Amino acid sequence: MTVKNNSGDYVLLTGNQTGALLLHYILSRKKEKGFLADNSVMLKTIVRSELGRAIAESYGVQTVDTLTGFKYIAGKIEEYRRADTKTFQFGYEESYGY
């Protein structure tokens, strides 16, 4: 994703920045519509910035760290689905995977 900076140039957002924007959008819309479950969770890999955690916490959403690679995020999603313990909201990893 590219955005225009203060100088008028277009710059590529990092995976952290793009993930944070997507996370904020998803959580804000779900909260606005009353669809944000009390047991919501957001998954991120251990090498991601903590910005996503701060955004999730502002919506009362728990953040769980996984090892690097979307296969670990997918594994946690499946674990939560099978156990019916948490409601997955969003996940992202360092190489622009969402």
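Bear in mind the structure is a predicted one, so any value in this text is a computation, not a measurement.

Participant: Would you mind showing me how to read the packing of aromatic side chains here?
Facilitator: For any pair of aromatic rings, geometry is given as the distance between the ring centres together with the angle between the planes. All told, the structure shown has 2 aromatic pairs when counted by the stated rule. With centroids separated by 5.7 Å and ring planes inclined at 40°, the aromatic side chains of F90 and Y92 adopt a geometry described as tilted. Accessibility classification places F90 together with Y92 in one group, the buried group. Measuring from ring centre to ring centre gives 6.3 Å for F90 and Y98, while their planes differ by 25°; the resulting arrangement is stacked. For Y98, a relative accessible area of 34% corresponds to the partly exposed category.

Participant: Before we go on, may I ask you to explain the pattern of salt bridges in this structure?
Facilitator: Here the idea is simple: oppositely charged side chains can pair when their charged atoms come close. Per the stated rule, a full pass over the model turns up 8 salt bridges. For R29, the salt bridge is made with E32, and the minimal N-O distance between the two is 3.0 Å. Linking R29 with E32, this pair stays in helix α1 (residues 15–32), spanning 3 residues, or about one helical turn. In this structure, E79 engages K76 in a salt bridge whose closest nitrogen and oxygen atoms are separated by 3.4 Å. In this pair, E79 and K76 both sit in helix α3 (residues 70–83), 3 residues apart, roughly one turn of the helix. The partly exposed category is assigned to E79, whose relative accessible area is 42%. The exposure class assigned to K76 is partly exposed, which follows from its relative accessible area of 22%. Connected via shared salt-bridge partners are K44, E50, R53 and D65.

Participant: Sorry, what's going on with the environment of L13 here?
Facilitator: Inspection of the secondary structure assignment puts L13 in the loop between β2 (10–12) and α1. Expressed as a C-alpha distance, the spacing of L13 and A56, which sit 43 residues apart in the sequence, is 20 Å. Excluding its chain neighbours within four sequence positions, the residues that come into contact with L13 are M1, V3, T18, L21 and Y96.

Criteria and cut-off values
Residues numbered from 1 in each chain as written. Predicted model: local features only at pLDDT ≥ 70, side-chain atom pairs only at ≥ 80, totals over all residues. Heavy atoms only, no water. Phe/Tyr/Trp six-rings, centres within 6.5 Å; stacked < 30°, edge-to-face > 60°. Buried < 20%, exposed > 50% of the residue type's maximum accessible area, 1.4 Å probe, protein only. Salt bridge = Lys/Arg side-chain N within 4 Å of Asp/Glu carboxyl O. Helix = DSSP H or I, 4+ residues; strand = E, 2+ residues; numbered from the N terminus. Contact = heavy atoms within 4.5 Å.

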